[in-house]
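Tertiary structure, described
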Amino acid sequence: MPELYLLLGGNLGDRSSYLADARTSIAAAVGLITQRSKLYETAAWGNTDQPAFLNQVLAVQTELAPEQVLQKVNAIEQELGRVRLEHWGARVIDIDVLFYDQLVLQSQRLTIPHPQLHLRRFTLLPLAEIAPQLVHPVLGKTVKDLLEVCPDMLEVRVHQA
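This structure is a prediction, so every number in the text was calculated from the model and none was measured.

Procedures and definitions
- Along each chain, residues carry numbers from 1 onward, in the same order as the chain's sequence is written.
- Where totals are concerned, whole chains, interfaces and linings use all residues; where local detail is concerned, this predicted model gives features only for residues with pLDDT of at least 70, and gives and counts side-chain atom pairs only at 80 or more.
- In computing side-chain values, all of the structure's heavy atoms are included and hydrogens and water are not.
- Secondary structure is summarised from DSSP: a helix means a run of H or I of at least four residues, a strand means a run of E of at least two, and numbering begins at the N terminus for each.
- Two things to know: the radius of gyration comes from C-alpha atoms, and the globule rule equals 2.2 Å times the number of residues to the power 0.38.
- Per-residue accessibility, obtained with a 1.4 Å probe over protein chains only, is compared with the maximum for each type, and a residue is labelled buried under 20%, exposed over 50%, and partly exposed between these values.
- We call two residues in contact whenever any of their non-hydrogen atoms come within 4.5 Å of each other.
- Using a 1.4 Å probe, accessible areas were evaluated by the Shrake-Rupley method; residue-level cover was limited to the displayed protein chains.
- Charged residues are defined narrowly, with Lys and Arg counted positive, Asp and Glu counted negative, and His plus the chain ends left uncounted.
- All charge positions are set by atom: Lys at NZ, Arg at CZ, Asp at CG, Glu at CD.
- Here is the rule: rings of Phe, Tyr and Trp (six-membered ring for Trp) pair when centre to centre is within 6.5 Å. Planes less than 30 degrees apart are stacked, more than 60 are edge-to-face, and the remainder are tilted.
- A patch consists of residues whose relative accessible area exceeds 30% and which take part in no salt bridge; residues with like charges are grouped when within 9 Å of each other, and nonpolar side chains (Val, Leu, Ile, Met, Phe, Trp, Tyr) when within 5 Å.
- In what follows, salt bridge is the name for a side-chain nitrogen of Lys or Arg lying within 4 Å of a carboxyl oxygen of Asp or Glu.

**Notes on the overall build of the protein**
- Check the secondary structure of the protein and you find 4 helices and 8 strands.
- Written out in order from the N terminus, the α and β elements of the protein read β-α-β-β-β-α-β-β-β-α-α-β.
- A compact globule built from 161 residues should have a C-alpha radius of gyration of about 15 Å, and the protein, at 14 Å, falls within 12% of that.
- Taken over the C-alpha atoms alone, the protein extends approximately 35 × 35 × 30 Å along its principal axes.
- Counting across all 161 residues of the protein, residues that qualify as buried make up 48%.
- At a minimum sequence separation of 6, the contacts of the protein that also span at least 24 residues come to 70%.
- Here the protein has roughly 8,000 Å² of accessible surface; of this, 51% comes from carbon and sulfur atoms.
- Positive and negative side-chain charges in the protein, numbering 14 and 18 respectively, have mean positions lying 2 Å apart.

Okay, structure coming up:
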């Protein structure tokens, strides 16, 4: 069964509750969550004039095809109240597909691996916690190695609830 890695994030409302609700919905609609990182907090990336984000990475075993995964996670975002007003804007929940096994895919709606994951410490740190030896199928480096050379200098810390 394919293994999928998802990044959850949000910076509005009760952030940890939104991530918990997303995990519940992912387990019901996408597949079995086999690993999950701690919750990490970081300042907003891209559009920086907004509240700090909580992020978490999940490893999920799924029977769904990549496009079906995207449809399911987009539906979960909508169910939880996500409104897309601006690129990199504040949001209650965001769910990104990071990896789908070693698949390399580029379509109009979906790029796997996520095209910016190697540039984002808030993605790499929780991913390295659960899958440090996972090899990026395009860059040929492990997640741990990508984290060591990541140009993003934003502080990412374990969230203390």
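**Overview of the packing of aromatic side chains**
- If you walk through the whole model with that rule in mind, you get 1 aromatic pair.
- On the numbers, 6.4 Å between centres and 90 degrees between planes, the contact of tyrosine 5 with phenylalanine 99 is edge-to-face. Of this pair, tyrosine 5 sits in strand β1 (residues 3-10) while phenylalanine 99 sits in strand β5 (residues 94-100), and the two are 94 residues apart along the sequence. There is no split in this pair, since tyrosine 5 and phenylalanine 99 are both buried.

**A look at a nonpolar patch on the surface**
- Together, Val104, Val138 and Leu139 line one region of the surface with nonpolar side chains, adding up to about 260 Å² of accessible area.
- If you trace the backbone, valine 138 turns up in the loop between α3 (121-130) and α4 (143-148).
- Relative accessible area serves as the criterion here: at 53%, valine 138 is assigned to the exposed category.

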